[in-house]
Amino acid sequence: MIGEHAALTLLERALSFSAAQHTDIYLSSQDLGLTRFAGNAIHQNVSHSNVTLNIRAVEGQRLGRATTNDLSDGGIGRAMAAARRNALLMPEDPAFPGLPEPHPAPRVASWDEPAAACPPQLRAQMVGEVCRQGAAEGLNTAGACRTGAQEIAVVSSRGVRAYHAGTFAGLIVTARSDTSAGWAKGGSWRLDGVDAPALGREAVDRAVRGRNPQPIPPGQYPVVLAHYAVDDILEALSLYGMGAQAVQEGRSWMNGLQGVQAMSEPVSIWDDGASPDGWPLPFDAEGVPRRRVEIVGNGVVNVPVHNTYTAAQDGAASTGHQAYFTGPPIASNLFMRPGDRTIEQLVAATRRGLYITRFFYTRLSHNKGCVMTGMTRDGTFLIEDGEIKHPVKDLRFTQSYVDALNAVEGIGNEANLVLNEVGFATRVPALKLGNFNFTGATV
Amino acid sequence: MDSLIARALDTAAARGAGYADARLVETAQERYSVRSGVADVISSDESVGIGVRVVVDGAWGFASTNTMTPESVDRAAAVAVEIGRASAASGGPPVDLGPPVTSRGVYSTPVDVDPFGIAPEEKLALLLETDGRMARVAGISARQSNLIFIRERKTFANTEGAHVEQTIYESGGGIQATAVGGGEVQRRSYPQSMGRQQGCSGWEYIRAMELPANAERVASEAVALLTADHCPSDIATTLIIGGSQVGLQIHESCGHAIELDRVLGSEAAYAGTSFLTADKLHNFRYGSDCVNITADSIRLPGLGSFGWDDEGVPAQSTPIVEAGRFVGYLMSRETASTLGLQSNGTMRASSWNRLPLIRMTNVSLEPGQWELDDLIADTDDGILVDTNRSWSIDDRRYNFQFGTEVGYEIKRGKLGRLLRNCTYTGITPEFWNSCDAVCNSSHWNMWGTPNCGKGQPGQLGHTGHGAAPARFRNVRVGVMR
């Protein structure tokens, strides 16, 4: 941890090295402790910290970049000179809108000292509890427990001054028998938001109930999706089309659907980087405050998220979604509005269908409609006459995620936070979908 | 810098580590990207740091720092030992590294032309020219071209006496054209998809790609795909798969499946496990007689080429599949010990602040005897597909489904109409056992995969895959909806 004063002082010092017309610097820092376990024992246990300065230098309508983690005067000076040199190499870009003006970002409390200071012994205790639960049922548990802190800060010659520090804690558990597997995942910016015993019980329960799965033929089935599977749907819709660059290039699932009711009426999806209910990051890598963006409202596809560059192309304002130093704008703090059904009610409303814990290795098959293929994993069950009947072997699906969300027949009443390793978070409920297309089965 | 490494090892040993290694890595990277006429990114990136790995009381600990001072290195070593003690307290079998590793020496990727010696203006001009040629083709909605150059200086030492210094160079580049129209989106890439083709080589590698000379063809193919016929829907047919797609097929269905840490369950909660369990070694028919697969770290310009791995084990070559029979794994010192074997040098970390993991080196399908024209002429009815568009495989590496950018119908031994949205799916051993022909060395190329994800915290590995076009019988194609 650097701390606000030291981080901003470092960036001011770095800015003083710049000979460019304009410069901004994005500081990204992480202190991570991570304990991995497998076979009911710890096998990897690491700690690392790093501070990276990401520099953008502007000369006229030209922008050059450099990064460094060498924070000595020599290291920073080299990087500053490289960024300006790179800018001078660039052809002028008439569409370049310049670096963003300063806008105050909201302060969001997302710091938890126990998560920031969690020692390896405490992570080992959390993991040990899960391993004991698995061993008691004759299962092989594996997973990872991570804790730590992340800082971001932006200072620019246009007057941007922004700093945020947040913490994270997460636990992933897979429990396996010879014929089954169960999964659970919890994450929060608070250490006490990760309930290791409960997550262990959830994974172990799925693995126990999943023993001796029966094969089932591929085909169209109604499905009840646990929130883990819904997280995958929102992640894919984000990566393959909620950013303005994809829309401007015509390759987003949103193209042709903006203003159209393409999803079921109860479906509302928004991005909100400043919400303490997610994993808050109140401003982006350009220092622009992250605005709440209504991406789908009552089933109607609305607008994508922007960075400064894509916003200028559309005559709009940046929504603060330059998630990383380079690359397109990304919606990375997504929420789906919960409904009014318990998971038991969603299952009870299903005459014959499948309960899916999560999807695995999902990839885009076709841009239009966001057609994805992937596998089910770690707890797939047949539902008959409103009850979980028996476990089934995993299936491959090939399915438009847009069409899937246009067949929503019920929404869970709890929205759960799914915090992914790369700074991507969703808060999503379980769903019942009227139809899902399974195209293959595994051995 | 050597004094920092020695200090890390001394501090770790003094605090009780039974084994320690330290890896100091300095990385320089240049990135260039042009997007639809605009120089999108020119970036110069540097990173430096040291990682300290220890075994304490039979358990692993690891810590790292980017502050290159004796005090900071001492702290990192002390934290590594503390973490190792916490791991040991949780139980589990003690780490057995097998025989000591005492390698010493210096290695550098041989390059004809140092890519960092080429003026940035020349690199950018190459991309702008390539982009301009793609722009000549009407109907393209987005154009992207990029170059990347990496120089990694790495010093590794351990408490067993190993001390090796390496400088690894990588050069990569690629182009992509996207066409949109009639409710369809189509993309073509060159030399392959995944953003670019990359190898352990110098500027000569980029020159040989002839990016400008291929720009208009690539863009024209993307536009042609908009109105091409769809791949036949959900049929079983003969498939000839182009070299770059065979490379990815090897990566996903063989390369990951032979990682012994996956086999032993270390990646079970994340990337998954493997169907190639230890009982199958020397006792399983993975593919047909014409399937011969090798893992090596010596065949340049493969991205898995180096002098020593990140445990100091020398580069080498290992047979994986011989005439269809499964005979070898990718192994670390610790995992090899569990089978009574010795490491074949496959441990690599993506950065100084990441723990080394078993990573694919250059996992390649050895060439066969066929000329591609003869193979097509020998195929009565089928489809030729190439250049990956999507890839998915289950957690045991059995059930896969791939999409390709382009397909061509084969009828009575001749290539016919262009096909769009081609996909194929199968079960790994059934698929490789259906292989009845592999093209010869004149069609064989070393493909690079610079984005192989594995581990927690995540690491992007760089892997090589030599491959030539190959033919597979009775493959299910055309699964789209």
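Residues numbered from 1 in each chain as written. Chains lettered and ligands numbered in written order. Predicted model: local features only at pLDDT ≥ 70, side-chain atom pairs only at ≥ 80, totals over all residues.

**So, the overall build of chain B**
Selection rule: Helix and strand assignments come from DSSP, with helices taken as H or I runs of at least 4 residues and strands as E runs of at least 2, each series counted from the N terminus. Restricting the calculation to C-alpha atoms gives the radius of gyration, and the globule rule supplies 2.2 Å times the number of residues raised to the power 0.38. Every C-beta atom is placed from the backbone, and the number of other C-beta atoms within 10 Å of a residue's own sets its class: buried at 20 or more, exposed at 12 or fewer, partly exposed in between.
Helix and strand counts for chain B come out as 10 helices and 24 strands. Against the globule reference of 23 Å for 481 residues, chain B gives a C-alpha radius of gyration of 23 Å, in line with a compact fold. Projecting the C-alpha coordinates of chain B onto the three principal axes gives extents of approximately 70 × 55 × 35 Å. Relative to its 481 residues, chain B shows a buried fraction of 61%.

**Some points on the overall build of chain A**
The condition is simple: It is the C-beta atoms, placed from the backbone, that decide contacts: two residues are in contact if theirs lie within 7 Å.
Counting secondary structure elements, chain A contains 10 helices and 19 strands. The C-alpha radius of gyration computed for chain A amounts to 23 Å, which stays within 12% of the reference 22 Å derived for 443 residues, consistent with globular compactness. For chain A, the C-alpha atoms occupy an extent of roughly 70 × 55 × 35 Å along the three principal directions. Per-residue burial over chain A gives 60% buried out of 443 residues. Taking as baseline every contact in chain A between residues at least 6 positions apart, the subset at least 24 positions apart corresponds to 73%.

**Focus on helix α5 (residues 211–226) of chain B**
Residues and elements named next belong to chain B. Heads up, the condition is: One less than the residue count of a helix, multiplied by 1.5 Å, gives the span that helix is expected to have. The directions from the helix axis to the C-beta atoms form the arc being described.
Relative to the 22 Å expected for 16 residues at 1.5 Å per residue, α5 spans 23 Å between its end C-alpha atoms, a close match to the ideal helical length. Of the residues making up α5, those classed as buried are Leu211, Ala215, Val218, Ala219, Glu221, Ala222 and Leu225. All buried residues of α5 project into a common sector of 160° when viewed along the axis, lining one side.

**Focus: the nonpolar core**
To be explicit about the condition: Each nonpolar core consists of buried Ala, Val, Leu, Ile, Met, Phe, Trp, Tyr and Cys residues. Their C-beta atoms, within 7 Å, join them into a set.
Core analysis: the biggest nonpolar cluster contains 280 residues, and Ala8, Val52 and Ala80 of chain B have the highest contact counts within it. Sequence-distant contacts of Ala8 of chain B, that is, excluding residues within four places in its chain, are made with Ala22, Ile50, Val52, Val73, Ala76 and Ala77 of chain B.

**A look at the sheet that holds strand β10 (residues 300–301) of chain A**
All names here are of chain A. Basically, it comes down to this: Note on pairing: two strands pair once DSSP finds at least 2 bridges between them. Every axis in this analysis is a line fitted to C-alpha atoms, fitted for helices over the stretch in contact. Angles between the N-to-C directions lie between 0 and 180 degrees.
A sheet is described by the order of its strands in space; here six strands give the open sequence β10-β9-β8-β11-β18-β17, paired in mixed fashion. Each end of this open sheet is capped by a strand with a single partner; those strands are β10 and β17 (416–419). Bridge count for strand β8 (residues 269–271) against strand β11 (residues 333–336) is three bridges, and the pairing is antiparallel. When the sheet's bridge partners are listed, Ile269 is paired in β11 with Met336. Strands β8, β9 (293–297), β11, β17 and β18 (425–428) of the sheet are contacted by helix α6 (residues 227–242), whose axis makes an angle of about 130° with β18.

**Re the domain arrangement of chain A**
It is common to report an interface's size as the accessible area lost on association of the parts. Residue and element names in this part refer to chain A. Stated formally: Domain delimitation in this document rests on an assignment produced automatically or drawn from a domain database. In this classification, the charged set is Asp, Glu, Lys and Arg, the nonpolar set is Ala, Val, Leu, Ile, Met, Phe, Trp, Tyr, Cys and Pro, and all remaining amino acids, among them Gly, are polar.
What the domain assignment reports for chain A is domain 1 (4–207) and domain 2 (213–441). Computed over C-alpha atoms only, the centres of domain 1 and domain 2 are separated by 23 Å. Of the residues lining the interface, 33 residues belong to domain 1; the matching set on domain 2 comes to 28 residues. Looking at the side of domain 1 that touches domain 2, the elements that each hand over two or more residues are β1 (22–38), β4 (140–156), β5 (161–176) and β6 (181–188). For the side of domain 1 that touches domain 2, the per-class residue count stands at 16 nonpolar, 14 polar and three charged.

**Remarks on the packing of helix α4 (residues 120–136) of chain A against helix α2 (residues 70–89) of chain B**
Applicable threshold: Should an angle lie under 35 degrees it is considered roughly parallel, over 145 roughly antiparallel, and from 65 to 115 roughly perpendicular; all remaining angles are considered oblique. Handedness of a crossing is defined here by the sense of rotation of the near helix relative to the far one, left-handed for an anticlockwise turn of less than a right angle and right-handed for a clockwise turn.
Contact geometry of α4 of chain A with α2 of chain B gives a least axis separation of 9 Å together with a crossing angle of 25°. Here α2 of chain B runs roughly parallel to α4 of chain A, going by the angle between their axes. The chirality of how α4 of chain A crosses α2 of chain B is right-handed. Counting all contacts with α4 of chain A, which are made through Pro120, Gln121 and Ala124 of chain A, the residues of α2 of chain B involved are Glu82, Ile83, Ala86, Ser87 and Ala89 of chain B. For the contact of α4 of chain A with α2 of chain B, the residue count by class is five nonpolar, two polar and one charged.

**Description of the interface of chain B and chain A**
Every contact between the two is made by 63 residues of chain B and, on the other side, 72 residues of chain A. Of the residues forming the side of chain B that touches chain A, the biggest block, 11 residues, is contributed by strand β2 (residues 38–56) of chain B. Each residue belonging to the side of chain B that touches chain A can be placed in one class, and the counts come to 28 nonpolar, 28 polar and seven charged.

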